[in-house]
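Topology and contacts: notes
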Amino acid sequence: MKNLMISSAALALMASGAVAGGLDRSGQSMGDLYQEGNVAKLSFGQVNPSISGTGSGIAAAGIAAGTAYDGVGEHYTAYALSLKMDINERLSFAIINDQPFGVDVLYPGSGTTTELGGTRATVDTRATTFVGRYKFDGGLSAHAGLRIQSISGEIDLSGIAYGVPGVTPTNANGYKLVAEQGTELGYLVGVAYERPDIALRVSLTYNSAIDYNLDATDSGGFFTSGDYTLETSTPESWNLEFQTGVAADTLVFGSIRWAAWGDFDVPANGLAGSDLADIDDSYAYTLGVGRRFNDKLSGSVSLSYEAEGDDLVSPLAPTNGLMGITVGAQYALNETVTLSGGVNYTKLGDARPETGSTERAQFTDNDSLGVGFSIAYKF
C-alpha cells in the first residue's frame, strides 16, 4: 500500500503538471526514496490541456473584442526514471531523473491584427537528483542530496497588446528571446517520521533555488538587441508529504507544496527592471485515499487543488488556480514487476491575460486531461 501511494501521487502530479502553479510539472516528490527494497522505475505521462479564450479588443488600434484564442496550451509528454537502493538497514539512496519545470504556450493569430496572436513561450528542464537517506532510532530519518538541472527556453512577444510597430514608442511587438541550455547545481535537505504499525509517514523537504547565467540572444521591439547573459533561476520550494493508515488495507495520503515563483524573472536585454514572466508564488495541495483489494490489485482516488489568485495574469501563464481529480490503479504482475496507471481531469480557474496591467483577453471554462503510467522492477 505504501508504494501505491507513491505511484498515485506521482501520477497525479505528472498528469496535471502542464497547468500547475508557475512552471511546476513533476512536483519534485521524494516518494521514490521511500519505496521498499531495491526498485527501478520508469514513468511517463501525456497531458492535453484545453486552454482557450476571447480577446478583449483594443479600441485605439481598431481591434474589436472577440478574437478566438483556441488551443493556447499545447500538449506534452513527460518522462521520469528513478533507482532506489538500500545500502544497509539504516542507509539508502535514490537517483531520480525528471522534468521538474516547463511551459508550452502559443497564441494563434497575427501580431498585427490581434491582441496577442503569435505570442509564444517554451521552457524545457531536465534534472538528475542524487539523494541519500539515513534512519535514526525512533522512526526519524534525514535525507539530503544534490540536483543537477538544465534549462533552456524561447519567448516571443507578439500582438498589438505589446505595441503598434512604428507608432508605440515602447513597442515590444515582435520581440524574440532565445536562451541556450545551461546546467547548474542545487541541493535538497529534509526530514521524515515513520510509524510502520499504522503506515504513518510524514516527510518535509526543502529544495534550493538554482541560479543560472544563460547565453541568450534577443531581437525586435524597443529592447537592446544582441547577445547577453540572462540571469534567472528556478525557485526554492518546500514539500510536505504524508500518509497514514485509517483502516485495514486503507490509507489516506496527501501533500502540500509551496514554490517561490514570485522570485522568478526573465529580464530582457537593455531594459533595467524588465520581467517577461511575472508569476505569483504557488501553493499546491493533494489529498487522496487508497485501498488494497487483494494481494495484486490496489486503487486510489486523489484530489488536487490550487487556490485562485489575482486573475490578471501573464499571457505566458493564462490560468488561475485549479481543481483536479485523479483515479489510479496498481497491479502486481509478480513479486518483482508492478504496473501503475492513472487518469487525471483538472478544471482550470478563469484568468485575464494582461499587458501593462490592462486586460487583453478572457479565459474561461478551461480544463486539462492527462494520463500517466509507470512500471517498477524490484530486485
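This structure is a prediction, so every number in the text was calculated from the model and none was measured.

1. A word on the overall build of the protein chain
Helix and strand content of the protein chain: 1 helix and 23 strands. In terms of overall dimensions, the protein chain is globule-like: its C-alpha atoms have a radius of gyration of 22 Å, near the 21 Å expected for 379 residues. Expressed along its principal axes, the backbone C-alpha trace of the protein chain runs to roughly 70 × 40 × 30 Å. In the protein chain, which comprises 379 residues, the share counted as buried stands at 50%. Taking the contacts inside the protein chain whose residues are at least 6 apart along the sequence as the reference set, 67% of them involve residues at least 24 apart. Accessible area of the protein chain: about 16300 Å², with a carbon and sulfur share of 57%. In the protein chain, 21 side chains carry a positive charge and 43 a negative one; their mean positions are 13 Å apart.

2. Looking at the sheet that holds strand S3 (residues 68-69)
Ordered by their spatial adjacency, 3 strands build an open sheet running S3-S2-S22, and the pairing between neighbours is antiparallel. A strand with exactly one partner marks an edge of an open sheet, and here the two such strands are S3 and strand S22 (361-363). In this sheet, S22 lies alongside strand S2 (residues 53-55) in antiparallel orientation, the contact comprising 3 bridges. For Gly53, the partnering residue across the bridge sits in S22 and is Phe363.

3. A word on the packing of aromatic side chains
Per the stated rule, a full pass over the model turns up 10 aromatic pairs. Residues Phe101 and Trp261 carry aromatic rings whose centres are separated by 5.4 Å and whose planes lie at 90° to one another, so their mutual orientation is edge-to-face. Taken together, the positions of Phe101 in the loop between strand S5 (91-98) and strand S6 (102-106) and Trp261 in the loop between strand S14 (250-259) and strand S15 (282-292) put the pair 160 residues apart, joining distant regions of the chain. Residue Phe101 is classed as buried on the basis of its relative accessible area, which comes to 3%. Ring geometry for Tyr134 and Phe136: centres 5.1 Å apart, planes at 70°, overall edge-to-face.

4. With respect to the sheet that holds strand S20 (residues 352-355)
One open sheet holds the 3 strands; their spatial order is S17-S20-S21, and the pairing between them is mixed. The sheet terminates laterally at strand S17 (312-313) and strand S21 (358-359), the two strands that pair on one side only.

5. Description of the pairing of strand S1 (residues 39-50)
In S1, alternate side chains face the same way, and those of Val39, Lys41, Ser43, Gly45, Val47 and Pro49 are buried while those of Ala40, Leu42, Phe44, Gln46, Asn48 and Ser50 on the opposite face are not. In the sheet, S1 pairs with strand S23 (residues 366-378) via 12 bridges, with the strands oriented antiparallel. If you follow Gly45 over to S23, its bridge partner there is Gly372.

6. Side note on the pattern of salt bridges
Inspection of every chain in the model, using the stated rule, returns 14 salt bridges. Here Arg257 ties to Asp24 by a salt bridge, and the two come within 2.9 Å at their closest N and O atoms. Within this pair, whereas Arg257 is found in strand S14, its partner Asp24 is found in the loop between helix H1 (2-16) and S1, the two being separated by 233 residues in sequence. Taking the relative accessible area as the measure of exposure, Arg257 reaches 7% and is therefore buried.

7. Topic: the environment of Ala179
As for its position among the elements, Ala179 is in strand S9 (residues 175-195). On the basis of relative accessible area, Ala179 is assigned to the buried category, the value being 9%. Separated by 148 residues in the primary sequence, Ala179 and Gly31 have C-alpha atoms spaced 32 Å apart. For Ala179, the residues in contact, after removing those within four places along its chain, are Ser152, Gly153, Leu214, Asp215, Ala216 and Leu230.

8. Thoughts on the nonpolar core
The tendency in soluble globular proteins is for nonpolar side chains to be buried side by side. Among the nonpolar cores identified, the biggest contains 43 residues, and Leu23, Ile155, Tyr175, Leu177, Leu230, Val266 and Leu276 are the most heavily contacted of them. Looking at this core element by element, the count peaks at 4 residues for strand S11 (residues 210-219). In contact with Tyr175, not counting residues within four places along its chain, are Ile155, Asp156, Leu157, Asp218, Ser219, Gly220, Gly221, Phe223, Tyr228, Ala268, Asn269 and Leu276. Ranked by size, the runner-up nonpolar core spans 8 residues in total, among them Met30, Leu33, Ile96 and Leu188.

9. A look at the environment of Arg147
Residue position: Arg147 is located in strand S8 (residues 140-157). Relative accessible area serves as the criterion here: at 3%, Arg147 is assigned to the buried category. For the pair Arg147 and Ala216, spaced 69 residues apart in the sequence, the C-alpha separation amounts to 23 Å. Apart from residues lying up to four places away in sequence, Arg147 is in contact with Gln28, Met30, Ala127, Thr128, Thr129, Glu184, Leu185, Gly186, Tyr187, Leu188, Asn207 and Ile210. Side-chain polar atoms of Arg147 contact the side chain of Thr129, separated by 2.9 Å.

10. Some points on the environment of Arg25
Following the sequence through the fold, Arg25 ends up in the loop between H1 and S1. Its relative accessible area of 9% is what places Arg25 among the buried residues. Separated by 267 residues in sequence, Arg25 and Arg292 have C-alpha atoms that sit 28 Å apart.

11. Observations concerning unusual backbone geometry
Even without a glycine there, the phi angle at Gln28 is positive, about 55°. Backbone geometry at Asp249 places phi at a positive 65°, although glycine is not the residue there. If you trace the backbone, Asp249 turns up in the loop between strand S13 (237-247) and S14.

12. What to know about the pairing of strand S12 (residues 226-234)
Alignment of S11 against S12, held across 9 bridges, turns out to be antiparallel. Each bridged residue has a counterpart across the sheet, and for Thr217 the counterpart in S12 is Asp227. In sequence, S11 turns back onto S12 through a hairpin of 6 residues, with Gly220 there showing a positive phi of about 85°.

Rules used throughout
Residues numbered from 1 in each chain as written. Predicted model: local features only at pLDDT ≥ 70, side-chain atom pairs only at ≥ 80, totals over all residues. Heavy atoms only, no water. Helix = DSSP H or I, 4+ residues; strand = E, 2+ residues; numbered from the N terminus. Rg over C-alpha atoms; globule rule 2.2 N^0.38 Å. Buried < 20%, exposed > 50% of the residue type's maximum accessible area, 1.4 Å probe, protein only. Contact = heavy atoms within 4.5 Å. Areas by Shrake-Rupley, 256 points an atom, 1.4 Å probe, with all protein chains shown as cover. Lys, Arg positive; Asp, Glu negative; His and termini not counted. Charge placed at Lys NZ, Arg CZ, Asp CG, Glu CD. Pairing = 2+ DSSP bridges. Phe/Tyr/Trp six-rings, centres within 6.5 Å; stacked < 30°, edge-to-face > 60°. Salt bridge = Lys/Arg side-chain N within 4 Å of Asp/Glu carboxyl O. Core = buried A, V, L, I, M, F, W, Y, C linked by side-chain atoms within 4.5 Å. Polar contact = N/O pair within 3.5 Å; in protein donor to acceptor, adjacent residues only side chain to side chain.

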